[in-house]
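Analysis of the macromolecular model
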Amino acid sequence: MKISRFEGEVSKSKAEAVIIPFYEDRIPSSSMEFLGIDRIPESVKNTGFTGKKGQVFRAMDTTRGQMQLWTGLGKESEYCPETFRRSYSSAYSYFRDSKIRNCLIILPGTDNANEAFEAAYILKLTLYSFDEFRSEKTSADLKEVYIATGEKQDIIDRAVSVAEATNFTRNLANLPPSRGTPSLFEERSREIENLKITVLGRDDFIRMGMGGIEGVSRAAKEPAKMIIMEYGSSDEKPIMIVGKGITFDSGGISIKPADNMDEMKFDKSGASTVLGIMKLASDLKLKKHIIGIMPLAENLPGGSAYKPGDILKHYNGKTSEVLSTDAEGRLVLADALAYGVEKYNPAKVIDIATLTGACVIALGNNIAGLMGNDRDLKEKLKKASERTWEKVWEMPIDDDFRNQIKSEVADIKNIGGKEGGAETAGAFLENFVNGRPWVHLDIAGTAWTQAKTAKADYLPKGATGFGVRLLYEFLCS
Ligand code: BES
Ligand code: MN
Ligand code: ZN
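Structure report, in brief. Sequence order as written defines the numbering, with residues in each chain counted from 1. In the order they appear in the text, chains get letters beginning with A and ligands get numbers beginning with 1. In keeping with the predicted nature of the model, local features appear solely for residues at pLDDT of at least 70, side-chain atom pairs appear and are counted solely at 80 or more, and the whole-chain, interface and lining totals rest on all residues. Note: side-chain values were computed over all heavy atoms of the structure, leaving out hydrogens and water.

Section: the sheet that holds strand β1 (residues 2-5)
One bridge is not enough; two strands pair if DSSP finds at least two bridges between them. Helix and strand assignments come from DSSP, with helices taken as H or I runs of at least 4 residues and strands as E runs of at least 2, each series counted from the N terminus. Pairing in this open sheet of 6 strands is mixed, and the strands run β1-β6-β5-β2-β4-β3 from one edge to the other. Where the open sheet ends on each side, the last strands, each with one partner, are β1 and β3 (56-61). In this sheet, adjacent strand axes meet at a mean angle of 20° when their direction is disregarded. Note: strand β2 (residues 17-22) against strand β4 (residues 66-72), 6 bridges, orientation parallel. Note on β4: the bridge partner recorded for Val 18 is Gln 68. Note on contacts: a residue pair qualifies if any of its non-hydrogen atoms lie within 4.5 Å across the two residues. To obtain each axis, a line is fitted to C-alpha atoms, and for helices this fit is confined to the stretch in contact; angles are then taken between N-to-C directions over 0 to 180 degrees. Sitting on the sheet, helix α3 (residues 81-92) touches β2, β3, β4 and β5 (102-106), and the angle it makes with β4 is about 150°. The sheet strands contacting helix α5 (residues 153-174) are β1 and β6 (144-148), and the helix crosses β1 at an angle near 155°.

Here it is in structure tokens:
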């Protein structure tokens, strides 16, 4: 699919379909010009279309031979980028299984550069489908898209790159667990240009004292890997991004209930986001120095599995008492964080992980938990989040939470009880960043969608790619 800016007079467009925006209380001049009307005709109002948020009225213009998709944006005074994303996404979803090959997109023109970016970005996200394993492919026939905008093509191209990186992340996170293995992540990382790749394996974990990833991966046949990717010049202190890559989380000896255990294939979502952001940095040739780290392992039970009661020693020498083998994410992240901080001396550290069910209970499926030790970094990420659909909400880490994970036989324990489960996980990770400015994003609720939690049309069932756009906006800020 090619997305370009439209040159010339929109009314002369021969596109097979046109997206036309409406506010509830005003018709944008771009739409007025295209349609030659100054109010919604009674006949259209009679169908129920008034320009309300998310409404789509479809009609065939037989004289032009064009399908028109009138798209409601709600009241102009309540307009925000998310309204734009959701409304355009509702209209775009029509293309999913239609034969339309090309379309013209008209913008309301209130927020020009953003509209051009979002129009292209959301289209790619809406038309995504994970059909690698289906004989019947679902992909839309849409090949050519024109956006009527005065902005430069460059904005559209950047939006397409961000969307493609997000869909790349979705493809990884959606992989069945026996396919989306640590080795597959290694293969994919080596396919990205401009990255320096280091891969550590089991022998290295033992030799270097990475007891967390060593312990968690002990029972799996599939080899665990710690993949370190470096992008950009090394003169400048890097930004380090670490993503949890449990390619399947059975819970281990503290095994999970069978119901919905398949969803634990998504426990590699954090690592998938990190790989997506590295690909994006490389595609866009961002002028940044970035370290991406993916601790990748399967968490399985077995004769050689690590056990509740075990004590593991992490890369920075701290020990943790394992009270549940199902709190494995923090154990592998501990080594990744401690190693990255020591080796690369990063200016800022961010980790992203499907870490706790507690975070899902606290914030639901549309908001990620944000924790950290640095006001400025936290604010920057919140600001970046305001530009995207990827919402975050800060949760506290304080001495009470730190006390909850004190152990009598080791430095810390890997669970702190059900109360404040997201925060005690954050408090655990804090031990491994050596005081560097650090933010932890718990994406357990937002990394994938289930059928029962209705979301926007740009989020398909399965992996969402949460974090790619957010970290991109952060890196650009
Ligand atoms: N991967 C899970 C967290 C998770 C649970 C993500 C549900 C998405 C949905 C993590 O490894 C885990 O099992 N966490 C435990 C921690 C507990 C044992 C302290 C949890 O949240 O139940
Ligand atoms: Mn677990
Ligand atoms: Zn997990």
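Digging into the coordination of the zinc ion (ligand 3)
The textbook angles at a metal center are 109.5 degrees for a tetrahedron of four donors and 90 or 180 degrees for an octahedron of six. Looking at the metal site, the zinc ion (ligand 3) is ligated by Lys 244 (NZ), Asp 249 (OD), Asp 267 (OD) and Glu 328 (OE), spaced 2.0 to 2.4 Å from it. The donor set comprises N, O and S atoms within 2.8 Å of the metal, extended to 3.2 Å for Na, K and Ca; water molecules are omitted, so apparent gaps in a site may simply reflect that omission. Along the chain, the residues that donate to the zinc ion (ligand 3) are spaced as K-x4-D-x17-D-x60-E. Metal-to-metal, the separation of the zinc ion (ligand 3) and the manganese ion (ligand 2) is 3.2 Å; Asp 249 coordinates the two. Taken together, the residues Asp 249 in strand β10 (residues 245-249) and Asp 267 in the loop between β10 and α9 (269-284) connect sequence positions 18 residues apart. Only protein chains enter the accessibility calculation, which uses a 1.4 Å probe. A residue is then buried if its area is under 20% of the maximum for its type, exposed if over 50%, and partly exposed in between. A relative accessible area of 3% places Asp 249 in the buried class. Relative accessible area serves as the criterion here: at 2%, Asp 267 is assigned to the buried category.

Quick word on the coordination of the manganese ion (ligand 2)
Every protein donor of the manganese ion (ligand 2) is accounted for by Asp 249 (OD), Asp 326 (O), Asp 326 (OD) and Glu 328 (OE), and the metal-donor separations fall at 2.0 to 2.2 Å. Coordination geometry of the manganese ion (ligand 2): the 6 donor atoms subtend angles of 70 to 168° at the metal centre, consistent with an arrangement described as irregular. In the primary sequence, the donor residues of the manganese ion (ligand 2) line up as D-x76-D-x1-E. Residue classification places Glu 328 among the buried positions, given a relative accessible area of 0%. Four donors are marked tetrahedral only if all angles between them lie between 85 and 135 degrees, whereas four are marked square planar and six octahedral if opposite donors are more than 155 degrees apart and the other angles lie between 65 and 115; the remainder are marked irregular.

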